[in-house]
Every structure is written in C-alpha cells, then in structure tokens.
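In case you want the letters, here they are:
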Amino acid sequence: MNKNFGKSSVSLFKGVPLSRILVALFLLQILLAGGLTAYLSINNGQKAVNEVASELRHQVANRVEQNLQTYLSTPRQILSTNQNVIDIGLLKMENLATWESYLIKQLEIFPDAIALTASNEQQEHLAIQKLNDRQFLLRFADKSTGYDLYTYRIDRQGQRTQLPEVIKNYDARSHPDYQAAVTAKKFSFSRIFTPLTEPTLLISASLPIYNSQGELLGVNSTLTHISQIGDLLQNIKVGTGQVFIIERSGLLVASSTTEEPFRVQNGKPIRLAASQSGNSFTQASAKYLATKFSNFDQIQSLQQLDFFFDGKRQFLEVRPLQGEPNVNWLIIVAVPEADLIGQIDRNTQTTIFLCLAGLGLATLLGIVTARWITQPILNFSTATKGLADFTNSEDSVVIVQGIKELEVLGGSFNEMMQQLRKTFSVLSTKNEELELQVKQRTQELKQEIQERINSERRLGQHNQALAELANHRAISEGNLETAFKIITQKAANALEVERVGVWLFNGQRTKLQCISLYERRNQIHSAGLERNLADYPIYFKALVSARTIVVTDTRTDLRVQELSDELLEPKNIISLINTSIWVGGEVVGTVLYEQIETPRTWDLSEQNFVSSIAEFVALTLEVCDRKRAESALHEAKEAAEVANRAKSTFLGNISHQLRTPLSSILGITEALQDQVYGLVSQEQRQYLNMLESSGKNLLELIDQILELTDIESSKIELQLAATSIQGLCDSSLSFVKHLAFQKNIQLSVQVPEELEPIQVDERRIRQVFINLLTNAIKFTKQGGKVWIEVQPNSTNEYIFFSVVDTGIGMLSNDLFKLFQPFVQVENSSTDRSTGTGLGLVMVQKIVELHGGTVHAESQLGKGSRFTVKLPWKKVGEWGVRTNY
C-alpha cells in the first residue's frame, strides 16, 4: 500500500519543478495554519472572555481585600502598641494625664487615625482629636476637673487654649463604644456611623485593657475615616468596570466612582443604599444581587455571577471580607464583557489578515528563503554545538560564512563567550569572599543573640519590679518609710547593684539627707547619712543640672571625684548612677545606685528603669503631700463655711438697720429740694442733689447686698418658665437704649432663627443681661458698638449668650478680679466710673442658680466678651452626643 502511495505521489508531481513543489507545499501549510487559527480564535474567543473575566475580577477582588485588610490593621496596630506600652509600665491607665503627648505623637505617626481616646474605670477620660497638621483638640475629665469634661485646643508647641464648652459630670463608661468593648472583651470595630459635625463616614475600634489579675482598667479607642477607602478603590483600574463595597444591610461603604456613600439632608449626612446609587451601573449591580439573594447574609463564600445591563453582558464577583469577623462587608467587582471581547475581536481580525498576507508573501519568498538561509544556518549550528560547555571550550571559535547578519551574529557570540568566561572567574572570587563574610556575620549574630537574651532577662526583672511597686499599698497611701524601703530593695535586686539609697534635700537645699539606704549583700536598711553642699559643690551642681548622672568609672569622672576619698574608695564603689527626683517642677532629691568592685556600663534600659524608680519616689512624696494638704483643706473648708454663714447673717442685719435711717434721709432731702421748709439757695440745692445721689447709690448697694445675701443663703427660689430667646434679648436691650443713646453707641442682637424656648426665671436672667449690657455701655467710648450673640452648641444641650463690646477692654491678669464682690478693675476709665462692684457677682450667682457658667474674655483697647452658658435642651429629648 505504501509503495503504491509513493508511486502515485511521484506520478502526481512528475515534471513539476522542485521550487514550485516546495512553494505549493509551503502555501498549503500556510492555508491550513491560517484556517485552523481563525477557527480556533473564533471558537475559543468566548472561552477566553470567560477565563479572562474570571481572572481579572478575582485579581481585582484580591487586591481590594488586601488593601482593606491593610487599612483596617492600622487601628489594631495602634491599640496593640498602646497595650504593649501599658504592659511594660511606661503608661498607666490609672493616670491618663501622662497620655496626652503620647497620643498626639501617635496621631502624627498614623495619619489615617483622626482621634484617640483613653477611659478608665475611675471615670477619667482623655481624648485627642486631630484638627489639622498643626492643631489638636483635647477633651479631658478626671478628679482634678470634678469629672467635668473640659475642651482645649492644642498647637504643636503644646500650648492650650480652653474652649468655653464644659460638660458636667461626664462619664465615658456609659458611652456605647466603652460598653461594647467591655462586652466584647477583645479588640473590636464599631458599626459605620455618620458624625453630626461633618459629612463623612467614620468607624471606631476599641480595646479593653486588663491588668495581670484580669481586672478591667479601662478602654482604649481610635477613630478612622472610611472615606479614604474610596480613594483606594479609585486607584484600582478595571477598565469601564467598577469596584464597590457594601454592608450586608445593603448600605454603600465605598466606591471606585466619585460618588460619596452618603447624601447630605438638612445639613446632616444620610447613609446611601447601593440600590439607590446615583450611578446607574452601581444601582443595577446592587438590584441584581438583591434579586439573586433575598438576604445578603446568605453570601458566605466567593460568588462569580453575570447579568445583562443595557442589553450587554456584565460579570460580577462578590466576596465577603475576611480577617475582621466583626467587619461584615461584601466586596463587589463588576466588569463589562465589552471591555474584554473587543480586543479579542480585533485580534481575530488581525489573525485572518496576517494569514492572508503571509500567504501572499510566502509565494514570493518561499524558494529564495529556503536556498538563502538553509546552508548558513547549518554551518552556524555545527560550529556552536561544541560551545555548550564554555568552561571546557575556552579556545572554541564560531566561524560562519555566507550571510552578513549571521557573520555578525557569530562574532557577537564569540565576544559573549569571552565575557562569560571573565564573569565566571569574577563570580568564583566573589563567592569565596561571601562565604567568608557569612561565617563572620554568623559569629556576630550569635554574640548579638546572647546579648539580647541577657537584656531581655534584665528587662523582665525591671518590669516585674515596677509592676510590684505599682500595686504596693504603701506607695498609694504615701507611707514614706515603708514605701522607700520597698523601693530601694526592689531596685537593688532588679539592677543587681550593691547599694540603693533615697536622698532628699533639706528645706534650705544646703544638704542631702539619706531617708532610706538598702545594702543588698547584707540585706539591711539604714538612714540618717548626710552630704553637705559646702563639702561637695560640684556634685550638688551636677545633681540639679542633669536629670541623670551616669558614671562608669568613679575614679575618672569629675562630677563625683569630690566623693572619692571619703565615700567611694573606702567602700570600693567603682560605678554609680544618680537620677533626680522631681516634684512640683523642681529637684527635691536623688536616687543613688552604687556598684562595687568592677566597673559597669549602664545601658539604656537600665537608665530608663532608674528613671521609673525616681518617678515612684516622686509619686510617694506627692501622695504624702496631697494627703496632708487634703487634711488641711478639710479643716479650712469647715472654717470658711462657718465664716461665710456669719458674714451672711451680719450683712443681712446691718443692711436692714442701714436701710431705715437712709430712707428717712432721702425723704427729708426730697422735701428740702421741693422747698417744703422754705426757700433753698442754688448752692444748697447742689449740696442736696449730691446728698440725694449719694443716698440712692448707698440704697442701691444695700439692696444688692440684701439680694446677694439671699442668694448665698439659698433663700431665692427660681420661677422657671418657657421663655422666648429672641424676646428675652430684645427686652434686655430696650432697658439700656437710653444709656446707649447718650453715648451714640450702636446696639444689635444676633439670634439664629426658630430657636426653641428656654426654661429660665425670665426676670432674673433679664437682670443678668441688663447688668452685662450696662457694664458694656459704661466702658465703651462714644460711637462704639455693643451687641448680643446667641449660639447653641452642636448637641443643643447648652446655649451660649455673649455680650460683646468694642470698649476699652482690660488686661488678662485683671480678669480674675471681675467676679469678686466690692472690687473694680482700675484703669484710666474705671477711675471715673461709678458702681458698687456687685453687679458681676450678682450675674455669676444668678447664672449658677440656673446651672450655668459665666466666662469673660478681654483685650486691652479692643473690647470685652462676657459669655453666659445655660442648659437648654435635654440630651435624651433632642439627640445623643458622641465625644472623641
């Protein structure tokens, strides 16, 4: 059969030139290859689209998930860092005042965080909020503020500016974030929420802090913007497709489009559902998913789907976010089929065109190409077979003749082989050098590991000693003798030094007295040693000028050479370290650590440890001083209350006794002025007018004293009623219009529209505004301005009334005198002004009876502002406030 096929083939091509046969066979191959390529391109096009779409959306979803996990890991990193700092004792949950600078530094390190808070079980609360790169907002409440929440503005230099907003009796433990963290007992995220102050989406993360006994110390939280997730999605390119994230409730979290995931309605941000999106593609994708899954909670694994939108096929991938169990989000990647199939169609057309072009070109070049390239390539292949192993063919040379390009290729190949031989030689030398460096580095790493093990062991001893001191009762109670014995003993054992002593300055700071000295070798405590300034002036100067004196060799350090002959050499003390004790902003003593026999280099961890020990000593001294001060304050308070009651009784009695004869004097004066007893000369009338004016001023003073006495003795009952804020301001201004008219002063009022009424005693609050307006007019020059500003706070819990003038103002140092009875601030204008000095005292007392406060601000020559803060609406009735 094969013989017959061969004979038939020969007879078929008999008489045909060989070049035509080769060209014909070559064209046949091109036709077959082109046809098969076109068929496979069209047939597999759809499969390729599906595969590319699946891979594309899968890769995009992977990238989105990685970015989200990285973004959400920042709060966990911040709170874990804080937990570590607390665990090693650098920060205390029982003393939030030391957290301020630390939290500010964290906000600078982690730009994604906008606020950090710390709250403890003692009702203390500290919150730092980043306003911009240079300013922060501090909210602070602890025992020193009476657990009222004060707000300050802080710049990068740490300067505070107190804001008028104060929240009374603030307890962060009732805050939802605090309670949620305590309930979860671990790190957790909150739900996404919209703040009242700005149109954005926020999410907070909280971590409960426990001590080693498992007792709750407090909660540490961080606040992060969700809007930055949209920026991450916009950086991910998916053609004309989209990426968006939704909650299982269907609410939009972020989108790769420019659309915000919320709408502003009546000035407040409202969350936006994906099915209500303004983007038609996003809306169609969300509605399809809602139809496909009646409940998004059913989506527990990756889903790859497709649907038709505007008559075109769209690919979807839905993936639940992994890694954060309480962040229940779905990642949705939508890719139009048109983005993928268009290129495939163009490739198919290009393939067919190339096949046709190749067919024509093959006809022209088939024979020439075969004859021109076959023989030179064969020569080149033969020559290069011996070069497979260039290390054993150093003298091999490739010789190719016939085609210029192949000759050039042969020459390049020879040059490449020479370069490879040189490179191989260099690499061999480098390899030997690297092996030697690896051995040296391995030895160094072993030494470093051993040093780190020793350092970690010492650090563990330090941390254990600090933890035991932090929980010791003698320190918290200010028991100096017991506390100092425990501190010196713990410090000596943890540092493994021979002697540790606590030395305090005497009252004249002329000598150091040893309060407690512990000798580790003999395990004994002693006290009573002294060192005089006159004997060791250089040493005393070094103590005051440096927080820590680190001495490796006492025989060569000039700061301690004065001690050498009498104190150091007899006891063989070779190394020492001094750390100053700071109380109330000054050095009150030092803690001295002495190493005997061998020199010692004090590393950084040991220096930090001795600084912490000094802080414990200072804390014990402060607690002791505070307990003494509290006892003295209690005695002084009882004496002041007795004196205040006696003063009120005396002022009431003497005012009533003065009022009766003074009324008679004014009556007789009025009769004389009316010439009831005969004619009165002009000079006599002037004296009578002076007598009447002085009597009325004295009567006004007596009335104010009586009213002030009634307020202080709690005899006044407020008549509270719903009062119009606009009407209250207008009626107050009408009382002082004649005074303003006399000095050509412009009066005005700035009240927001549609304010709810306020529950106050209208007559007494009007008296407050009249007193403030009268003072403002009195101290404002001709042609000036006086006005009232009304502004509620962000939660409508309080409302602020400010009386502002463009008057003469006063120095800030004089503001504290304003609310003292019978005291007036003196300057070139007040020397000529009349007054009893009780007006502002009455203002303060009446406002405090209403549960409010009065705050004064002034600048000399530019005017003054008196702000009255009054309760307005209940939080439970008008809205819930959230603080960070």
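On a predicted model such as this, the values are computed, not experimentally measured, just so you know. (Residues numbered from 1 in each chain as written. Predicted model: local features only at pLDDT ≥ 70, side-chain atom pairs only at ≥ 80, totals over all residues. Heavy atoms only, no water.)

**Considerations on the overall build of the protein chain**
- Across its full length, the protein chain carries 19 helices and 29 strands.
- Taken across its 884 residues, the protein chain has 41% of its residues classed as buried.
- Looking at the protein chain alone, contacts between residues at least 24 apart form 58% of all its contacts between residues at least 6 apart. (Helix = DSSP H or I, 4+ residues; strand = E, 2+ residues; numbered from the N terminus. Buried < 20%, exposed > 50% of the residue type's maximum accessible area, 1.4 Å probe, protein only. Contact = heavy atoms within 4.5 Å.)

**Points about the packing of aromatic side chains**
- Counted according to the given criterion, the structure contains seven aromatic pairs.
- Taking 5.2 Å as the distance between ring centres and 85° as the angle between the ring planes, the aromatic pair formed by Phe187 and Phe189 counts as edge-to-face. A single burial state applies to Phe187 and to Phe189, both of which are buried.
- Where Tyr539 meets Phe540, the ring centres are 6.2 Å apart and the plane angle is 85°; that geometry is what we call edge-to-face. Across this residue pair, the class does not change: Tyr539 and Phe540 are buried. (Phe/Tyr/Trp six-rings, centres within 6.5 Å; stacked < 30°, edge-to-face > 60°.)

**Details of the side chain of Thr282**
- Residue placement: Thr282 occurs in helix α6 (residues 280-292).
- There is a polar contact of 2.4 Å between the side chain of Thr282 and the side chain of Gln242.
- With residues near it in sequence (within four places) discarded, Thr282 still touches Gln242, Phe244, Ala274 and Ser277. (Polar contact = N/O pair within 3.5 Å; in protein donor to acceptor, adjacent residues only side chain to side chain.)

**Points about the nonpolar core**
- One finds Val64, Leu68, Trp99, Ile226, Ile229, Ile245 and Trp329 to be the most contacted residues of the largest nonpolar core, which totals 56 residues.
- Top contributing element to this core by residue count: helix α2 (residues 18-87), with 11 residues.
- Dropping the residues within four chain positions of it, Ile229 is found in contact with Leu68, Tyr71, Ile245, Ala254 and Trp329.
- In terms of nonpolar packing, the next biggest core, distinct from the first, is built from 38 residues, Ile725, Ile745, Met810 and Leu818 among them. (Core = buried A, V, L, I, M, F, W, Y, C linked by side-chain atoms within 4.5 Å.)

**A look at the sheet that holds strand β3 (residues 135-141)**
- Spatially, β5-β4-β3-β2-β1-β8-β7-β6 is the arrangement adopted by the eight strands of the open sheet, whose pairing is antiparallel. Single-partner strands in this sheet number two, and they are β5 (160-167) and β6 (188-189). (Pairing = 2+ DSSP bridges.)

**As for helix α3 (residues 100-109)**
- Residues of α3 that are buried: Glu100, Leu103, Ile104, Gln106 and Leu107. Around the axis of α3, the buried residues are gathered within 160° of arc, so they sit on the same side. Counted as exposed and oriented over 90 degrees from the buried face of α3: Ser101 and Ile109. (Arc of directions from axis to C-beta.)

**Notes on empty space enclosed by the protein**
- Scanning the model with the defined rule gives two cavities of 30 Å³ or more in all.
- Considering only enclosed or pocket space, the second largest cavity measures out at about 50 Å³ in volume.
- Lining of the second largest cavity is provided by Val166, Lys168, Tyr798, Gly851, Gly852, Thr853 and Lys869.
- Grouping the amino acids of the lining of the second largest cavity by side-chain chemistry returns two nonpolar, three polar and two charged. (1 Å grid on protein atoms, 1.4 Å probe; cavity = no way out; pocket = protein on both sides within 12 Å on 5 of 7 lines; lining within 4 Å. Points joined across faces, edges and corners; volume = space filled by probe spheres on them. Nonpolar A, V, L, I, M, F, W, Y, C, P; charged D, E, K, R; others polar.)

**Comments concerning the sheet that holds strand β24 (residues 746-750)**
- Taken in spatial order, the five strands line up as β24-β26-β27-β29-β28 in an open sheet, and their pairing is mixed. Two strands lie at the open edges of the sheet, namely β24 and β28 (853-859), each paired on one side alone. Averaged over all neighbouring strand pairs, the angle between strand axes comes to 15°, with direction disregarded.
- Here β28 runs beside strand β29 (residues 863-871); their pairing, made up of seven bridges, is antiparallel. Paired with Thr853 across the bridge in β29 is Lys869.
- Relative to β24, helix α15 (residues 725-735) is tilted by about 170°, and along the sheet it contacts β24, β26 (785-792) and β27 (798-805).
- In this fold helix α17 (residues 762-778) packs onto β24, β26, β27 and β29, with an angle of close to 25° to the strand it touches most, β27. (Axes fitted to C-alpha atoms, helices over the stretch in contact; angles between N-to-C directions.)

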